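# Coordinate inspection notes
The chain contents come next:
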Amino acid sequence: MTIRKIALEKEIKENFVKIDKDLPAYHRIVNVLKLEKNDNLIIIDGSGFEYLVKLKEKGKNLIFEVIKKVKIKNKINKNLNVYISFIKKIQMEYLIEKLVEIGVSKITPIKTERTSWLLNEIPKRWKNIIMKANEVSTWENLTKIEKPTSFLDALVSAKNSFIVLADPLGDLTLKKMKNKIKNVKNISLFIGPEGGFTEKEIKLAKQNGANLVKITQNKFRAETAALIFSCLILYG
């Protein structure tokens, strides 16, 4: 029998795990997985370990006993924060899911000059997409999503990392970018909206130390470019 897995946002530090009724994990365990007392479950918490647990109490809260703690061996050596402009909602959700699956560290939605719509908070639906994608993947750390921010604030927050801005007219090729990031740990990738970044934004990015990188002379959809860049940065 397959043991189901869930992602938990709080780190497990004791031999018992308490999940409160107001947490999304409670609903998933009780109403989706339909676990009963003494059923087993695997919990991942982003600490680099996965925990085999047994459900001991089921009521207003869930109490699990930790049976086994196992080190997760799938580790990515780079921390990649992907700053993505708001693109069409269906493509945005697809991209968020796939970025989690390939192992990026953080996802941050950004408002740009050509953004046609935006949100000020991360919707519950996106959080659920990330939680389920984290459960499917087997990386050591969990991908997190940050609150939407402006393009300028994103550049400021990325200042201590190697900044890659996707631009079909960029100065660097993928090959040159790979050479530059070979020994770099922290990388920030900026993906523009439909129509790309404006000249003003590109100038601002350069002033903040961004490296303009092109895939080829062809233009790609934002979600395609984001996945190409992310895979090459993490695994290239």
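Up top is the structure.
This report concerns the structure included in the present document. (Residues numbered from 1 in each chain as written. Predicted model: local features only at pLDDT ≥ 70, side-chain atom pairs only at ≥ 80, totals over all residues. Heavy atoms only, no water.)

### What to know about the environment of W117
We apply this condition: Going along the chain from the N terminus, every DSSP run of H or I of four or more residues is numbered as a helix, and every run of E of two or more is numbered as a strand. Pairs of residues are marked as contacts when any of their non-hydrogen atoms sit within 4.5 Å. Identification of polar contacts relies on pairs of N or O atoms within 3.5 Å, with a donor-acceptor requirement for protein atoms, meaning one able to donate a hydrogen and the other able to accept it, and with residues adjacent in sequence counted only if both atoms are side-chain atoms.
By secondary structure assignment, the location of W117 is in the loop between β7 (106-111) and α3 (124-136). Along the primary structure W117 and F86 are separated by 31 residues, whereas in three dimensions their C-alpha atoms are 6.7 Å apart. Excluding its chain neighbours within four sequence positions, the residues that come into contact with W117 are F86, I87, K88, K89 and W126. A polar side-chain atom of W117 sits 2.8 Å from the main-chain carbonyl oxygen of I87.

### Quick notes on the packing of aromatic side chains
Convention followed: Put simply, two rings from Phe, Tyr or Trp (the six-membered ring, in Trp's case) pair if the centres are within 6.5 Å, and we call them stacked under 30 degrees between planes, edge-to-face over 60, tilted for the rest. Relative accessibility decides the category of a residue: with a 1.4 Å probe and only protein chains considered, values under 20% of the type maximum give buried, values over 50% give exposed, and everything between is partly exposed.
With the rule as written, the count across this model stands at seven aromatic pairs. Taken together, a centroid distance of 5.1 Å and an interplanar angle of 70° make the contact between F86 and W117 edge-to-face. Placement of the pair is F86 in the loop between β6 (79-85) and α2 (89-102) and W117 in the loop between β7 and α3, with a sequence separation of 31 residues. W117 matches F86 in its accessibility class, with the two residues each being buried. Relative to Y235, the ring of W139 has its centre 6.2 Å away and its plane inclined at 25°; by these criteria the two rings are stacked.

### Describing the side chain of E223
Selection criterion: Charged residues are defined narrowly, with Lys and Arg counted positive, Asp and Glu counted negative, and His plus the chain ends left uncounted. By definition here, a salt bridge exists when the distance from a side-chain nitrogen of Lys or Arg to a carboxyl oxygen of Asp or Glu is within 4 Å.
Secondary-structure assignment places E223 in helix α7 (residues 222-235). It is R221 that comes nearest to the buried, bridge-free E223 among opposite-charge side chains, at 4.5 Å. Not counting residues up to four positions away in its chain, the partners in contact with E223 are I87, Q91 and L95.

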